[in-house]
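Structural overview
For reference, the chains in residue letters:
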Amino acid sequence: METISLARGIPAPECIPVEELADCARAVVEQDGVRVLSYGPVGGYQPLREWIAQRHGVAASRVLVTNGSLQGLVFLAERFAGQRVLVEVPTYDRPLKLLAARGIDVGSVAMDEEGLELESLEDALRAGDKPAFLYTIPTFQNPSGRTLTLARRRELVKLAREHDLLVLEDDPYGLVRYEGEPLPSLFELDGGEHVAYSSSFSKTVAPGLRVGYFVLPEALERELEALAVSTYITPVLLGQATVFEFLRRGNFDANLERIRPLLGARRDAMLAALQHELPSASWSRPDGGYFVWLELPGAVDADDLLQRASAAGVTFVPGQDFGGGPNTARLAFSYVSVDEIGEGVRRLAAVAAEPVAA
Ligand SMILES: Cc1ncc(COP(=O)(O)O)c(C=O)c1O
């Protein structure tokens, strides 16, 4: 029996535009090979940097294009090593680990269905040293799939101003929306003064290109560039130039239009399967992104459930990895097929219903 992975938060194979990217990579090597195959500016491939700057209405000097956005988070963690950073809980597990590994005191901000709770943020601001920044994923959050409401976005930006708090808005999923109207980003609402922004081409083009980016206050951009120089000398210009060629040809929006229904059908299959198989549980209903957050009824322990689920041929990530409660789980619908989602949730429901040995 093949294991069905509801753990992998990566795009389904058919979402990756292989042919177009092959063509773009060949074109950039042929046309600009000496530049893209050499060392280059650590801030990023200049045409891409400018495209990003224009998209966000800032000077190119505020844009840092990194080898995946996770690499930029590493630089930020290094820059603020030993200080205090606030995160919403649950949150993406990798930043949690890499912040902790650099001696950062990670303070928690509670969330509900509408995203991070502002009262909890105010409590956290009062409870300790001034944080270096707040890390938040307001749109189709990893792991919960939740989206911060417009009213709370406005409130958060106001609070950031009042407290002179730097907010890092991590937004790799915002464009991967299946329904509903897009919300303004925190960065847009704020005008880019107290909010820094990061995104990535991992979910909109392909993760293996390793092209992510940050829009930062100018001084911080320069500091992170210095860390990048001492880490990898030059970013992967071939990946960045390939992304730029993809954008230049107008493939970006067309690709988003192509992948939205592919992923939206998976989201629909996940919600329908949960309704059918696990009606006593509760779960988030995201309008986009890759994930559903599952809360199991009663005293179910997701770590224990995972062991039994793996034996039954389905995997997921227990919510505790993201700072969630013991009865929570992250289910990714992005990678497997619609049929596999149905079968995976059936297998999960079957083991969840089994009596647990004392
Ligand atoms: C919220 C969030 N931020 C950052 C990343 C990392 O993206 P990248 O591939 O650009 O490093 C991910 C990947 O899953 C993510 O979910």
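Our structure's up above, just so we're on the same page.
Procedures and definitions
Residues numbered from 1 in each chain as written. Predicted model: local features only at pLDDT ≥ 70, side-chain atom pairs only at ≥ 80, totals over all residues. Heavy atoms only, no water. Pairing = 2+ DSSP bridges. Helix = DSSP H or I, 4+ residues; strand = E, 2+ residues; numbered from the N terminus. Near = heavy atom within 4 Å. Polar contact = N/O pair within 3.5 Å; in protein donor to acceptor, adjacent residues only side chain to side chain. Areas by Shrake-Rupley, 256 points an atom, 1.4 Å probe, with all protein chains shown as cover. Nonpolar A, V, L, I, M, F, W, Y, C, P; charged D, E, K, R; others polar. Core = buried A, V, L, I, M, F, W, Y, C linked by side-chain atoms within 4.5 Å. Buried < 20%, exposed > 50% of the residue type's maximum accessible area, 1.4 Å probe, protein only. Contact = heavy atoms within 4.5 Å. Arc of directions from axis to C-beta. Patch = residues over 30% accessible without salt bridge, like charges linked within 9 Å, V, L, I, M, F, W, Y side chains within 5 Å. Salt bridge = Lys/Arg side-chain N within 4 Å of Asp/Glu carboxyl O. Axes fitted to C-alpha atoms, helices over the stretch in contact; angles between N-to-C directions. Parallel < 35°, antiparallel > 145°, perpendicular 65-115°, else oblique. Left-handed = near helix turned anticlockwise from the far one by under 90°.

With antiparallel pairing, 4 strands are arranged side by side in an open sheet as 10-11-14-13. Each of the sheet's edge strands pairs with one partner strand only, and the pair in question is strand 10 (282-283) and strand 13 (317-318). Summarising the sheet, strand 10 and strand 11 (residues 291-295) pair through 2 bridges and their orientation is antiparallel. Paired with W283 across the bridge in strand 11 is L294.

Now for the environment of P13. You can see P13 is positioned in the loop between strand 1 (4-5) and helix 1 (18-36). For the pair P13 and A206, spaced 193 residues apart in the sequence, the C-alpha separation amounts to 9.8 Å.

Right, let's talk about the site of the ligand for a bit. Taken together, the neighbourhood of the ligand is formed by 14 residues, with S69, D170, Y173, S200 and S202 sitting nearest. Here N142 contributes a side-chain N or O atom positioned 2.9 Å from an oxygen atom of the ligand. With respect to the ligand, the side chain of K203 contributes an N or O atom lying 2.9 Å from an oxygen atom. Notes on the ligand: free accessible area 400 Å², of which the protein chains cover 93%. Each residue belonging to the shell around the ligand can be placed in one class, and the counts come to 6 nonpolar, 5 polar and 3 charged.

Below, the discussion takes up the nonpolar core. Core analysis: the biggest nonpolar cluster contains 85 residues, and L48, L121, F201 and L294 have the highest contact counts within it. With 9 residues, helix 10 (residues 251-277) is the largest single contributor of residues to this core. Excluding residues within four positions of it along the chain, L48 makes contact with V65, F201, V211, Q240, V243, F244 and L247. Counting 28 residues, the second-largest nonpolar core is a separate cluster that includes L73, F80, A132 and L224.

Turning next to helix 5 (residues 118-126). Inspection of helix 5 places L118, S120, L121, A124 and L125 among the buried residues, and these make up the whole buried set. In a view along the axis of helix 5, the buried residues occupy a sector of 155°, so they form one face of it. Facing away from the buried side of helix 5, by more than 90 degrees, are the exposed residues E119 and R126. Those residues of helix 5 hidden inside the fold are in contact with strand 3 (84-89), strand 4 (105-112), strand 5 (115-116), strand 6 (133-136) and helix 6 (150-162).

Moving on to a nonpolar patch on the surface. There is a patch of nonpolar side chains on the surface, built from V29, L37, V236 and L238 and spanning about 300 Å² of accessible area. By secondary structure assignment, the location of V236 is in the loop between helix 8 (218-232) and helix 9 (237-248).

All right, on to the packing of helix 10 against helix 12 (residues 338-353) then. Axis separation between helix 10 and helix 12 bottoms out at 9 Å; the angle between their running directions is 25°. By the angle class used here, helix 10 and helix 12 are roughly parallel. In this structure, helix 10 crosses over helix 12, and the sense of that crossing is right-handed. In contact with A265, R266, A269, M270, A273, L274 and E277 of helix 10, helix 12 contributes V338, I341, G342, V345, R346 and A349.

Here the focus is the packing of helix 11 (residues 302-311) against helix 12. Direction vectors running N to C along helix 11 and helix 12 enclose 125°, while the axes themselves pass 9 Å from each other. Classified by the angle between their axes, helix 11 and helix 12 sit oblique to one another. Handedness of the crossing formed by helix 11 with helix 12: right-handed. In this structure, helix 11 uses L305, R308 and A309 to contact helix 12, whose residues at the interface are L348, V351 and A352.

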